[in-house]
Amino acid sequence: REQLGKLMPELGIDLVLQGHDHVYMRTHSLDSNEVVSESKVNLKHNGEVYEAYVNPTGTSDAINGCSGVKIYNVKDVSLTDELFPRAAKAVDVDNQIFSSIQIDGGVLYFNAYTVDGDKVNCIDKFAIEKDGSGEKTDEPADITVDVVVEEETDVLAMILKYIKLVVTVVWNIFRMYVLEYLLK
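Here the structure is a predicted model, which means the values were calculated and not measured.

*Asks:* For the packing of aromatic side chains, give the residues involved together with the corresponding values.
*Replies:* In the structure shown here, the tally under the stated rule is four aromatic pairs. Centre to centre, the rings of Y53 and F126 are 6.4 Å apart; their planes meet at 70°, and the pair counts as edge-to-face. With a gap of 73 residues between them, Y53 in strand β6 (residues 48–54) and F126 in strand β11 (residues 119–129) connect regions that are remote in the sequence. No difference in accessibility class separates Y53 from F126, as the two residues are buried. Ring geometry for F98 and Y113: centres 5.1 Å apart, planes at 25°, overall stacked. Linking F98 in strand β9 (residues 97–104) with Y113 in strand β10 (residues 107–116), this pair joins segments that are 15 residues apart in sequence. We classify Y113 as buried; its relative accessible area is 2%. Feature note: the residues Y53, F110 and F126 constitute an aromatic cluster, connected by ring pairs. K125 extends its terminal NZ or CZ atom over the ring of Y50, reaching a point 5.3 Å from the ring centre.

*Asks:* Any chance you could break down a negative patch on the surface for me, citing the residues and the numbers?
*Replies:* Judged by side-chain charge, D92, D94, D116 and D118 come together as a negatively charged surface patch. On the basis of relative accessible area, D92 is assigned to the partly exposed category, the value being 48%.

*Asks:* An account of the nonpolar core is requested, with residue identities and associated values reported.
*Replies:* Most often, soluble globular proteins have nonpolar side chains that are buried together. Core analysis: the biggest nonpolar cluster contains 13 residues, and L15, Y24, F110, I123 and F126 have the highest contact counts within it. Mapped by element, the contributors of at least two residues to this core are β10 and β11. Once residues within four sequence positions are removed from consideration, F126 is found in contact with L15, R26, Y50, E51, Y53, L108, Y109 and F110. With seven residues, the next largest nonpolar core counts L43, Y50, Y109 and A127 among its residues.

What counts, and at which threshold
- Residues numbered from 1 in each chain as written.
- Predicted model: local features only at pLDDT ≥ 70, side-chain atom pairs only at ≥ 80, totals over all residues.
- Heavy atoms only, no water.
- Phe/Tyr/Trp six-rings, centres within 6.5 Å; stacked < 30°, edge-to-face > 60°.
- Helix = DSSP H or I, 4+ residues; strand = E, 2+ residues; numbered from the N terminus.
- Buried < 20%, exposed > 50% of the residue type's maximum accessible area, 1.4 Å probe, protein only.
- Lys NZ or Arg CZ within 6 Å of the ring centre and 35° of its normal.
- Patch = residues over 30% accessible without salt bridge, like charges linked within 9 Å, V, L, I, M, F, W, Y side chains within 5 Å.
- Areas by Shrake-Rupley, 256 points an atom, 1.4 Å probe, with all protein chains shown as cover.
- Salt bridge = Lys/Arg side-chain N within 4 Å of Asp/Glu carboxyl O.
- Lys, Arg positive; Asp, Glu negative; His and termini not counted.
- Charge placed at Lys NZ, Arg CZ, Asp CG, Glu CD.
- Core = buried A, V, L, I, M, F, W, Y, C linked by side-chain atoms within 4.5 Å.
- Contact = heavy atoms within 4.5 Å.

Dropping the structure here:
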């Protein structure tokens, strides 16, 4: 754990995605398992406002692994203090969790959701801006590092949005590799 805590920021890794624990938790930006004071800015993307780390020097970890039937409640976030600094976000969940990541230019947008019947609730969101290309705003972030405000989203609209995104990615991969190969 100590070696990875030093190695990840050294390699320029901004975000580590993990599963297994049936909870949702996200760390602050860390280097050698210590919180790094990062510059932050609010960015607007697809009508949502994100709190963004600007060119982080540390690595954030997101544990977003609840897709089965086992669900754990967060007991006490101080219990993790022996292993790493206090989590930026720890959320009790009663349902499955999934995350979405969008990359637009030099900005990564991260959203975590729970599914409750036919509703999807956003439980966390943040961004990582690497090149200053995000749309800056003075509006407050919808969800900040320390406060969760649940917002409901229409499941069908969410699914269609991500199907479109997947089709775009697949088409770009097809164009890059398959068409290039066929045209040689």
